[in-house]
Amino acid sequence: MNARFRRSHEPLFWLLFGAGGLLAALVLPALVLFTGVIVPVARGPGGEGLLDYTRVLGLLAWPGARVALAGSIALLAWHAAHRILHLCHDLGVHAGRGLKWSCYGSAALVSLLACGLVILLPSP
Amino acid sequence: MTPLPTWQRGMRGWWRRDPAFRRYLLREATSVAIGAYALMLLAGLGCLVAGPAAWQRWEGLILSPVGLLLQAVVFAAAVIHAVSWFRLMPLTIPPLGRPGRRLADGAIHAGAWAASALCSLGLLGWLVYGA
Amino acid sequence: MDCDLVIVGGGGAGLRAALAATLADPGLDIVLVSKVVPMRSHTVAAEGGAAAVLRDDDSFAQHFDDTVSGGEWLCDQRAVEAFVAACPQELIQLERWGCPWSRQDDGRVQTRFFGGMRVQRTWFAADRTGFHMLHTLFQTSLRHPSIRRHDEFFCTDLLVDEHGLAGVLGVDIARGTPVLYRARAAVLATGGAGRVYAHNTNAGIVTGEGMALAAVHGVALRDLEFVQWHPTALPGSGILITEGCRGEGGLLLNAEGRRYLQDYDLGPPDPWPRPRAMELGPRDRLSQAFWHEDRARRTVTTPQGSAVLLDLRHLGAERLAERLPMISEVARRFLGIDPVTTPIPVRPAVHYTMGGVATGLDGATALPGLFAAGECASTGIHGANRLGSNSLAELLVFGRAAGEAAAAWSRNAPSAAGGSLLREAQARAGQAYALLAEGHQAGRPRVAELRTAMHAAMEDGVGIFRDAEGMQRACQALAELRARYRAGVALDDRSRSFNTEWLAAIELGHALQVAETIAHAALARRESRGAHRRRDAWSARDDANFLVHSLAYCDPQAAPRIEHVPVTLTRSAPGERSYGGAGARVALD
Amino acid sequence: MTDPETILIEVLRWHPDTPEAPWWQSYEVPYRADATLLEALQTIKDDLDGTLTFRWSCRMAICGSCGCMVNGRPELSCHLLLRDLAPGPVRLEPLAHFPVIRDLVIDQQDFLDKLPAVGAYLVPAEETEAAAAAPAAPSRQTPAQMADYYQYAQCINCLLCYSACPQYGLKPDFLGPAALALMARHDADSRDHGQAGRRAARDADTGVWDCTLVGHCTEVCPQGVDPARAINRNKTASARDYVFDLLLPGRRR
Ligand SMILES: Cc1cc2nc3c(=O)[nH]c(=O)nc-3n(C[C@H](O)[C@H](O)[C@H](O)COP(=O)(O)OP(=O)(O)OC[C@H]3O[C@@H](n4cnc5c(N)ncnc54)[C@H](O)[C@@H]3O)c2cc1C
Ligand code: SF4
Ligand code: F3S
Ligand code: FES
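Residues numbered from 1 in each chain as written. Chains lettered and ligands numbered in written order. Predicted model: local features only at pLDDT ≥ 70, side-chain atom pairs only at ≥ 80, totals over all residues. Heavy atoms only, no water.

K.L.:
What's the story with the site of ligand 3 in this structure? I'm lost.
P.N.:
Residues and elements named next belong to chain D. Around ligand 3, the surrounding shell consists of C165, Q167, C211, T212, L213, V214, G215, H216, C217, A228 and I231. Where the shell around ligand 3 is concerned, the elements lending two or more residues are α10 (216-220) and α11 (227-247). Class assignment of the residues belonging to the shell around ligand 3 gives a composition of 7 nonpolar, 4 polar and no charged. (Near = heavy atom within 4 Å. Helix = DSSP H or I, 4+ residues; strand = E, 2+ residues; numbered from the N terminus. Nonpolar A, V, L, I, M, F, W, Y, C, P; charged D, E, K, R; others polar.)

Have a look at this one:
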């Protein structure tokens, strides 16, 4: 009965998808709330904002924060790539090799870029 | 034996059959918004590296009407995502606790939402009052 | 198609036989033919449980006594001895194969009371015992590729030559093409014949073919006059409300709220429980009591006929959910009532055929190579009235015996017959196809019309209480119906693919044969015993003349011939069959 | 509201003799509030049109024969009351995703073949013949241990969940909800020793990984089996094994 079944590599992608999904469920609403509502509303008396260049660099001075930012971007990308791939399939777009490579390829690219960029971040 | 003659119906437009399918597709489609947001963050990171001018352009972009609209969509998607994710969570994790005293779904839901609240508050606190 | 052994029927008995045969002889090529996918078989609907001696306060002797007195001494005592001794082994085997028997807190198997049993002897899997047993057997059969399943193949006839059984004829239902299985051994496990009555608890497939298939070839049908009415079925649909309800403490009340069974020698009305008394009395007595209550107009009226009330309210929501979940759901869904707060209206419905193809202890029939097991067979263990939960145990015990015996037989049997068999097969298959070809001719009755007439004849003449006049009326009516059937039925559907109207017509032919046999066997029994109750001059038991089995020999063209042969007694001399006060009270645990 | 006299039942029909032309046929059936949809179909078969073809057997929601699409949703026809469908019309189609043999009769062979493939049977401990032939006593299993698989053991193989699962429609090789729930049922039984044999089917693409947690399977299941849970818990288990096998080469296979 075993001959008919080949082991799937889906677990790898599923774990990344799951991690991204969990992250999104835990903090994404709050994060969007911050960038989309709190930032525009909460201007200081001198017009200084929560997203001022130096302040943001300051926040990211802590290496842990950098890792978290890059990690978050990467995981969200993997989450999205995985679901979009399946969504295409669900909608009748045949999920051949090409589609698979482009979805997961983009996610990998985003991850690489995110990692590279946080390393290049100037210190405040 | 001759193969049985049968009629195979296709799957075209299957989501029209049941509202549950459309809810499912909506849930899956949240990933598009989430992906877009990830790209937005990535772009911001790039601008941050490129220097203050680039950063300011990025900030202007996300605070522009278009940027805000996009974020409104992302926010809605994130909420739908979180609600469905936590609702389905008990189905995906192995049974917790000992035989006969398994953790109930309700406890898992409550735990998940509590964790979400905690993380969100922590994150917001750091973003607003940090540094 | 050639094989070593054909098993006709994928219910509990058929699957157990197939497993036994393949375990006994793994090299055997076995084909399991069933007109429905095995898990759709009627065994799936059995609710209450299966009997086997398990507890320390129980013994084979007690199981024997309950069974023999329950069957009013018409049981073949040698068969009962073998049966009770083999039950525990079989239920344990099923446990090993994965059956989820309900358990006590410490992990031991739980047992419950059942009607006519003096000890908690009935193993159960909530109220879905048959379901779990059948699925366990089916799933276990998946491990044995030597059992080739032909699901949705309908057997229409047997083929016989000078050595005995030579093959089985069938129809591939989906394609409508004929199939010949050439084999020297076959086990009939086709289930009962409850559907010859209108109001019954049986699945739609329980139409009695197996009995008729054997009878056509001269094999005797034994004790067919004993038809069991189950006292608690839903009015109208006949959906069963398991005896397990009463095993758990359910009460039967008439329209006045009285536990009326105390008026029928089943009392006293203890709070509960007194085994073999009141609601825990045997089915024949309870159904007969209903009949009297109904005549005395002490029943409640429902849109679907009169009924008494099964009261489960005092058991409480928790116990109902744990022990009787399916019944609770059935009541909610089909009646819109919640048994936690409202009693369930119930009335008797035909449930079980005690008689069947006469077999020995190994399932062998008089036709060499043909074996039978399960409800279609009569090993003689049920006598004049089957006790609840003996049937599921019987499927296993005698399914296994028949499977092993048939395996052994097929090894030593003469090789398959040649060309003459093929011609015979073609001729016989032709009969079934003629029905199809001629079905369009005008003026013929529809299947449903004849079926309804058969139901009416049976309910009228061969009911819970019988008299000579009524039975004669039924014999007459059934003979006429058979003549009309032979003259042809009208079919709307004359295509081959999955033609269920045609199959129903074939089933009807067999059912009419069985129905007529029941009526004649009943008429010939001039006494009252167990489920066979007469209101005329023969309303008493007559051991002097009728401690005998009936044997019916069928004739395709004429009425069946009935003979009587003595019952085998070993340990228990016929005695008073008493229920009620005689049983001692026990503490429940 | 007074009860209607009749109710209109529309059936999507197909016959292999005219394969190009499925058609809708309407039947006007006497209405009784407490009649089931199956009884209405039987009335059609008996009195109006003997060619209408459908499966049924137990008429009490336990044999799993009578599934069909009722107004677009998979249901057991014996389990639906006309009172819940009034005033109609009621649209009946064969169960979605399965090849149709005729009218409401679908080809269930694919599912039947998948049962042995997932190892949907208990593998007892002792396999020596003597012990298997004559077990002396039932093994013990506490109600708490039973609770871990009991729900999955309630599956009546009615296939409604397959008709509810678009992934099965899109990928017919997907082992599907009921088969995978039965896999989980046996894995979770304290008496079972067959887990290793079920791994390959579980870990394949066509095993748990073709499920995208649509979840409709669980919603339509008439027995509360919850296949979605069975499958998705097994995803976690399968992923765990994948990682371990990756990190500890030689652990398995
Ligand atoms: C509602 C209900 C509840 C019951 N509860 C209990 C209980 O609690 N305890 C108990 O001991 N007993 C109980 N019984 C009785 C018991 O369930 C039956 O006696 C038993 O299941 C019969 O099993 P079987 O294997 O002989 O036949 P079935 O399970 O009826 O199987 C018959 C098989 O034969 C096949 N078949 C028939 N004709 C043909 C043909 N012409 N060609 C091919 N295949 C054919 C069918 O497809 C089917 O697979 C109950 C019965 C009913 C009706
Ligand atoms: S899981 Fe539920 S819906 Fe699916 S086959 Fe089993 S009982 Fe039917
Ligand atoms: S509907 Fe299908 S996709 Fe999974 S959760 Fe159920 S099997
Ligand atoms: S007829 Fe058996 S489930 Fe509906």
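K.L.:
Help me out: how do you make sense of helix α1 (residues 19-50) of chain B in this one?
P.N.:
Count 3.6 residues to each turn of an α-helix, and residues three or four apart come out pointing the same way. All names here are of chain B. With 32 residues, α1 should cover 46 Å at 1.5 Å per step; its first-to-last C-alpha distance of 47 Å lies within 8% of that length. One side-chain oxygen of the residue at the start of α1 lies 2.9 Å from the amide nitrogen of A20, identifying that residue as D18. Looking at the residues trailing α1, positive phi occurs at G51, about 125°. (Expected span 1.5 Å × (residues − 1). Polar contact = N/O pair within 3.5 Å; in protein donor to acceptor, adjacent residues only side chain to side chain.)

K.L.:
Even after reading the chapter, I still don't get the packing of aromatic side chains, so can you show me in this structure?
P.N.:
Here the distance between the centres and the angle between the planes together describe a pair of aromatic rings. All names here are of chain B. A full pass over the atoms with the stated rule returns 21 aromatic pairs over all chains. When the ring of F86 is compared with that of W113, the centres are 4.8 Å apart and the planes differ by 75°; the resulting orientation is edge-to-face. Of this pair, F86 sits in helix α3 (residues 65-92) while W113 sits in helix α4 (residues 105-129), and the two are 27 residues apart along the sequence. By relative accessible area, F86 is classed as buried at 1%. (Phe/Tyr/Trp six-rings, centres within 6.5 Å; stacked < 30°, edge-to-face > 60°. Buried < 20%, exposed > 50% of the residue type's maximum accessible area, 1.4 Å probe, protein only.)

K.L.:
Explain the domain arrangement of chain C to me, please; I cannot follow it from the model alone.
P.N.:
Residues and elements named next belong to chain C. You can read the domains of chain C as domain 1 (5-48 + 126-227 + 351-419), domain 2 (231-350) and domain 3 (420-540). Placing the centre of domain 1 and that of domain 2 at their C-alpha centroids yields a distance of 32 Å. Contacts between domain 1 and domain 2 engage 18 residues on the former and 23 residues on the latter. Summed over the three residues of domain 1 that lose the most area to domain 2, namely E47, D127 and H199, the buried surface amounts to 43% of that side. Taken together, domain 1 and domain 2 are joined by 0 salt bridges. (Domains from an automatic or database assignment. Contact = heavy atoms within 4.5 Å. Buried area = accessible area lost by both parts, 1.4 Å probe. Salt bridge = Lys/Arg side-chain N within 4 Å of Asp/Glu carboxyl O.)

K.L.:
Honestly, the arrangement of the chains in this entry has me stumped. Any pointers?
P.N.:
Among the 5 pairs of chains that make contact, the interface with the largest number of contacts is formed by chains C and D. With respect to C-alpha atoms, chain A approaches chain C no nearer than 11 Å, and the pair has no contact.

K.L.:
Is there a simple way to explain a nonpolar patch on the surface in this structure?
P.N.:
Nonpolar side chains collect at one region of the surface, where A:L33, A:V37, A:V41, B:F75, B:V79, B:V83 and B:W113 lie side by side and expose about 570 Å² of accessible area between them. Position of B:V79 among the secondary structure elements: in helix α3. Judged by relative accessible area, B:V79 falls into the partly exposed class, the value being 33%. (Patch = residues over 30% accessible without salt bridge, like charges linked within 9 Å, V, L, I, M, F, W, Y side chains within 5 Å. Areas by Shrake-Rupley, 256 points an atom, 1.4 Å probe, with all protein chains shown as cover.)

K.L.:
What exactly am I supposed to notice about the packing of helix α1 (residues 12-24) of chain C against helix α10 (residues 390-412) of chain C here?
P.N.:
Between two packed helices, both the angle of their axes relative to each other and the distance between the axes serve to describe the pair. Residues and elements named next belong to chain C. Packing of α1 against α10 brings their axes to within 7 Å, and their N-to-C directions diverge by 45°. Comparing the axis directions of α1 and α10 gives the class oblique. The hand of the α1/α10 crossing is right-handed. In this structure, α1 contributes G12, A13, R16, A17, A20, A21 and A24 to the contact, and α10 contributes L395, L396, G399, R400, G403, E404 and A407. Each residue belonging to the contact of α1 with α10 can be placed in one class, and the counts come to 8 nonpolar, 3 polar and 3 charged. (Axes fitted to C-alpha atoms, helices over the stretch in contact; angles between N-to-C directions. Parallel < 35°, antiparallel > 145°, perpendicular 65-115°, else oblique. Left-handed = near helix turned anticlockwise from the far one by under 90°.)

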